[in-house]
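Tertiary structure, described
For reference, the chains in residue letters:
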Amino acid sequence: MIILPALLAGLLVLVTHVPLGAQVLKRGIVFIDLAIAQIAALGVIIAGVGELDPQGWAVQGAAAAAALLGAVLLTWTEKRWPEVQEAQIGVMFILAATGGLLLVAHNPHGGEHLQDLLAGQILWVRYEQLLAPAVGTVIISAVLYFFQHRLSRLGFYLIFALAVTASVQLVGVYLVFTSLIVPGLAVRHYGAGRRLPLAYLIGAVGYAAGLILSTLLDLPSGALIVWCLTALAVLVYALGPKPAASVRVPGGHV
């Protein structure tokens, strides 16, 4: 069944990205995932310019090195200029994105490669491509479980960079961002004990629905998964508990 390895790839991404996304929302650095994902993609493009095997470990290493360097740089900018960190994240994203455009400008297949990194080719993922991400997922999940509340800012950024590195090559930048942020947004007003399971459910059903519909309708899988996952998240949020409305009183709110 063609969608089964693709669905397994999506589930692997969700295992680490749902809890990481909750941390991103809590820390108020929403666009860090988009920036680091784009930096990891830039590492892949640089490796491609060097004519390395697209499925080889050298490309994985280039993507990881780029993402880790981006994580270290973001940690430094946050310490140096914390009041404009979100803006700095945006600048890093646009530099990585335009850097990729410049590197593939003279490559006749560059546009296609760039599109694959952004939108992904999840429907064509093969089982053998899942082994390394599966090992990485186990390690990252263990670190998050045992050290979640003891990770420094740099430690969080580094773990985040490693998680994003593998997922970008499996599902693309757009799905990385969606997997990290959308489930967390949908469940933010639910009770603490329900947030994580419900976020995982949103992600899993969204991936499955998008993959099935993409094969039936012959539409791009990555884009359709983004829409299915987001639509499901909107529904779950709409049916869920709402935050208590503040009451305006003279001089403030209650």
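Everything here concerns the structure above.
This structure is a prediction, so every number in the text was calculated from the model and none was measured.

Cut-offs used in this document
Residues numbered from 1 in each chain as written. Predicted model: local features only at pLDDT ≥ 70, side-chain atom pairs only at ≥ 80, totals over all residues. Heavy atoms only, no water. Salt bridge = Lys/Arg side-chain N within 4 Å of Asp/Glu carboxyl O. Helix = DSSP H or I, 4+ residues; strand = E, 2+ residues; numbered from the N terminus. 1 Å grid on protein atoms, 1.4 Å probe; cavity = no way out; pocket = protein on both sides within 12 Å on 5 of 7 lines; lining within 4 Å. Points joined across faces, edges and corners; volume = space filled by probe spheres on them. Nonpolar A, V, L, I, M, F, W, Y, C, P; charged D, E, K, R; others polar.

With the rule as written, the count across this model stands at 2 salt bridges. Between R153 and E78 there is a salt bridge, with the nearest N and O atoms lying 2.2 Å from each other. On the criterion of sequence distance, the pair formed by R153 in helix α7 (residues 153-171) and E78 in helix α3 (residues 57-80) is long-range, its members being 75 residues apart. Note that E128 and R126 form a salt bridge whose closest N and O atoms lie 2.9 Å from each other.

Now for empty space enclosed by the protein. One way to see where empty space is left: roll a probe the size of a water molecule over the atoms. Scanning all chains against the criterion turns up 1 cavity of 30 Å³ or more. Taken as a whole, the largest cavity holds about 30 Å³ of empty space. Q23, R27, L144, Q148, L151 and F156 together form the lining of the largest cavity. Grouping the constituent residues of the lining of the largest cavity by class yields 3 nonpolar, 2 polar and 1 charged.

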